[in-house]
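Structural characterization, general
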Amino acid sequence: MNQLSITTTQNVTINFTAASVGSRIAGQLLDILVLIAYSVVVYFLIDLTGFGKSFSGMDSWSVGAIMIVLFSPVIFYTLLLESLWEGQTIGKKIMKMKVIKIDGYQAGFGDYLIRWLFRLIEVLIGNGVIGLLAIIFNKRNQRMGDMAAGTAVISLKSNININHTILEDLNEDYIPTYPLVIKLSDNDARIIKETFEVAVRTRDYATLIKLREKIITVTGIKNQSGNDQDFIRTLLKDYNYYTQNM
């Protein structure tokens, strides 16, 4: 699987796994099934209510305008859901994928709009084959819309359990120091642990300082454990303690 290295605004490098071609195709097929189901329901309701009979007295432009309104959710499906669900559609949620910016920022509406516009181009030209080829031959598994918007689709699947991310097992009589650590999520703790281990191994003290400062900013925790390494180790142990006992 292709790896993405993203440097955040705090100059902390985080590694993600790019969603595979198979996962993206599966997600797309699931989204297509959702759109087909919606279309079937709309046609069924038109027939059930007899609304379709009124079309016979209308000109083709009026009928076309009504159909565009009725099927606008199909047309704007990916744009709407990715904007509302922060880079996910139903298919992406099921396949555990998400759209992110490759510069570390959260993708915004403008990015999703660019992806959506290029999706129309990719579908109209070659029935999506061009987009598929772009994903296959791009090291970040990006389609044309991703390259234009500066985004990538990452996999959220992880075989890592949060208990595996703590540096040491806790003794039964362990007493936690930082109750505010529960403000962190499992993913936060995983990122902290991975960044911490790399920084310690490479003796990257500047990253340790930035990591400590970021933790303090997010949680409001004050360092009571001495140096940065002791502080972060204690924090991870405390997170493990509280999550085991919640």
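We now turn to the structure provided with this report.

**Side note on the side chain of Gln142**
Tracing the chain through its elements places Gln142 in the loop between helix H7 (129–137) and helix H8 (144–149). In this view, Gln142 contacts Arg24, Ile102, Ala134, Ile135, Met147, Thr151 and Ala152; residues no more than four positions away in its chain are not counted.

**Some details on the pattern of salt bridges**
On inspection of all chains with the given rule, the structure shows nine salt bridges. Residues Lys101 and Asp111 are paired through a salt bridge, measuring 3.2 Å at the closest nitrogen-oxygen approach. Here Lys101 is found in strand E3 (residues 97–101), whereas its partner Asp111 is found in helix H6 (residues 109–124), with ten residues between them in sequence. For Arg212, the salt bridge is made with Asp228, and the minimal N-O distance between the two is 2.6 Å. A residue pair is termed long-range when its members are at least 10 positions apart, and Arg212 in helix H10 (residues 205–219) and Asp228 in helix H11 (residues 228–244) qualify at 16 residues.

**Some words on the environment of Leu33**
Note that Leu33 resides in helix H1 (residues 21–49). Sequence spacing of Leu33 and Gly91 is 58 residues, and the spatial spacing of their C-alpha atoms is 9.2 Å.

**Focus: the packing of H1 against H7**
Packing of H1 against H7 brings their axes to within 10 Å, and their N-to-C directions diverge by 150°. By the angle class used here, H1 and H7 are roughly antiparallel. Along the contact surface, H1 presents Val21, Arg24 and Ile25, while H7 presents Leu132, Ile135 and Ile136. For the contact of H1 with H7, a count of residues per class yields five nonpolar, no polar and one charged.

Rules used throughout
- Here the residue numbers are simple positions, counted from 1 along each chain's written sequence.
- Owing to the predicted nature of the model, reporting of local features is limited to residues with pLDDT of at least 70; listing and counting of side-chain atom pairs is limited to 80 or more, with chain, interface and lining totals taken over all residues.
- As a rule here, side-chain values cover all heavy atoms of the structure and leave hydrogens and water aside.
- Counting from the N terminus, the helices are DSSP H or I runs at least four residues long and the strands are E runs at least two residues long.
- In what follows, residue pairs with any heavy atoms lying within 4.5 Å of each other are defined as contacts.
- Whenever Lys or Arg places a side-chain nitrogen within 4 Å of a carboxyl oxygen from Asp or Glu, that contact is recorded as a salt bridge.
- Fitted lines through C-alpha atoms give the axes, limited to the stretch in contact for helices. The angle between two N-to-C directions lies from 0 to 180 degrees.
- Working rule for angles: under 35 degrees goes down as roughly parallel, over 145 as roughly antiparallel, 65 to 115 as roughly perpendicular, anything else as oblique.
- For this scheme, ten residues count as nonpolar: Ala, Val, Leu, Ile, Met, Phe, Trp, Tyr, Cys and Pro. Four count as charged, namely Asp, Glu, Lys and Arg, and the remainder, Gly too, count as polar.

Bear in mind that shape data such as this cannot, by itself, settle questions of function.
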